[in-house]
Amino acid sequence: MRFSSLASELQTWLKQSIEQGCSRDAIEQSMRASGYQSEFAHRAVAAAFKQIDPLHRAPRAADAAASGGAEHGMPAAAEEQQTSSRILAGGPNEIDAGDRMVHILMALNAPRVVLFGDLLAAEECEALIDLSRGKLERSNVVDRGTGRYQEHPDRTSEGTYFRRAENELIVRIEARIAELTGCPVERGEPIQVLRYRPGTEYKPHFDYFDPADDGTRQVLAMGGQRVATLIMYLNDVQGGGSTVFPDIGLDVLPRRGNAVFFAYSDDEGRLDARTLHGGSPVGAGEKWIATKWLRQRTYSSAG
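This one's a predicted model, so the numbers in the text were calculated from it and none came from an experiment.

Draft legend 1. Quick peek at the side chain of Ser17. Mapped onto the secondary structure, Ser17 falls in helix H1 (residues 8-19). If we ignore the near neighbours within four places in the chain, the residues touching Ser17 are Cys22 and Ile27.

Quick look at the structure:
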């Protein structure tokens with residue numbers, strides 16, 4: 001996790017806490033008390049100390065200030081929003097995602113699209129496929145008028161999903177994604193695993209919710225607007241099956257272990273229509289992917 005990927009309000013609070021002489025433990029405890037996930041708090045504090053690490057610190061008695069959490073100006077986790085300018089804002093060509101080094105193979109700034117190499121190990125891809133085979137159902141889309149999920153002829157894949165922390169594999173992958181993007185685990189929707197047979201596709205569409213649609217209010221209540229998508233490729237496809245961005249002329253070919261990330265919401269909540277994308281028809285073999293959508297705030301299917 002990079003300090004620069006954190007929300008500006010959280011950066012300010014962490015910087016002030018460190019300069020006041022608060023210990024790592026006190027700052028982490030304050031973040032947890034304000035609603036942040038323990039792992040995210042630990043990594044955020046580590047990144048802050050690495051970035052700031054002042055030469056002169058106030059007495060350790062300042063720990064009491066950090067323990068006050070939100071009372072001392074710390075942004076509450078539930079209110080802090082994640083936007084595209086704070087996700088993968090710059091950085092090296094290789095990122096330490098906690099338990100795995102992930103390579104940056106390609107990056108586009110407008111819109112923000114990043115192709116990762118080796119995000120998943122081969123055995124992780126195989127395990128996700130094996131765990132999904134027995135529970136696949138026809139994929140749904142969000143109805144723009146009602147906000148409910150239903151089948152649609154534009155999306156002909158089969159899919160299933162895994163609840164947050166459903167098993168050890170999902171815990172590991174979710175933690176890696178959070179480390180990579182700087183977006184806390186709790187702001188992610190459940191990981192979806194999808195299978196495309198020959199001829200099946202997902203025609204070009206937007207992953208964000210159109211504010212003008214009648215059904216948008218219902219889905220936004222679950223955690224705010226979607227801000228970014230991560231598509232992880234679980235197998236090599238014999239023919240077709242690319243992720244296509246028609247408005248920017250970009251085609252991403254599926255390669256096992258790789259993943260494409262794209263963000264579509266800025267600090268003011270403006271949505272980028274250039275992130276129109278689709279899954280082109282599979283020409284031969286099968287295509288397996290795992291998709292993760294990231295929200296502005298903590299995601300809950302209960303709304």
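Draft legend 2. Local environment of the packing of aromatic side chains. Scanning the model with the defined rule gives four aromatic pairs in all. Considering the side-chain rings of Phe206 and Tyr208, the 5.0 Å spacing of their centres and the 25 degrees angle between planes classify their relative orientation as stacked. Overall, Tyr208 belongs to the buried group, its relative accessible area being 12%. Arranged with centres 5.7 Å apart and planes meeting at 50 degrees, the rings of Tyr208 and Tyr264 form a pair that is tilted. On the criterion of sequence distance, the pair formed by Tyr208 in the loop between strand E9 (202-205) and helix H7 (216-220) and Tyr264 in the loop between strand E14 (259-263) and strand E15 (277-279) is long-range, its members being 56 residues apart. For the pair Tyr208 and Tyr264, one class covers both residues: buried. Grouped by ring-pair contacts, the aromatic residues Phe206, Tyr208, Phe245, Phe262 and Tyr264 constitute a single cluster.

Draft legend 3. Inspection of the environment of Lys15 at higher detail. Note on placement: Lys15 falls in helix H1. Once the C-alpha coordinates of Lys15 and Gln51 are considered, the two residues, 36 residues apart in sequence, prove to be 9.2 Å apart.

Draft legend 4. Geometry of the nonpolar core. Ranked by internal contacts, the top residues of the largest apolar core, which has 31 residues, are Leu128, Met232 and Leu234. Those elements that provide at least two residues to this core are strand E3 (113-117), helix H5 (122-132), helix H6 (168-181), strand E8 (191-196), strand E10 (226-233), E14 and strand E17 (287-295). Tallying contributions element by element places H6 first for this core, with five residues. Other than its neighbours up to four places away in sequence, Leu128 contacts Leu120, Phe162, Leu169, Ile170, Ile173, Val193, Leu234 and Ala290.

Rules of the game
Residues numbered from 1 in each chain as written. Predicted model: local features only at pLDDT ≥ 70, side-chain atom pairs only at ≥ 80, totals over all residues. Heavy atoms only, no water. Helix = DSSP H or I, 4+ residues; strand = E, 2+ residues; numbered from the N terminus. Contact = heavy atoms within 4.5 Å. Phe/Tyr/Trp six-rings, centres within 6.5 Å; stacked < 30°, edge-to-face > 60°. Buried < 20%, exposed > 50% of the residue type's maximum accessible area, 1.4 Å probe, protein only. Core = buried A, V, L, I, M, F, W, Y, C linked by side-chain atoms within 4.5 Å.

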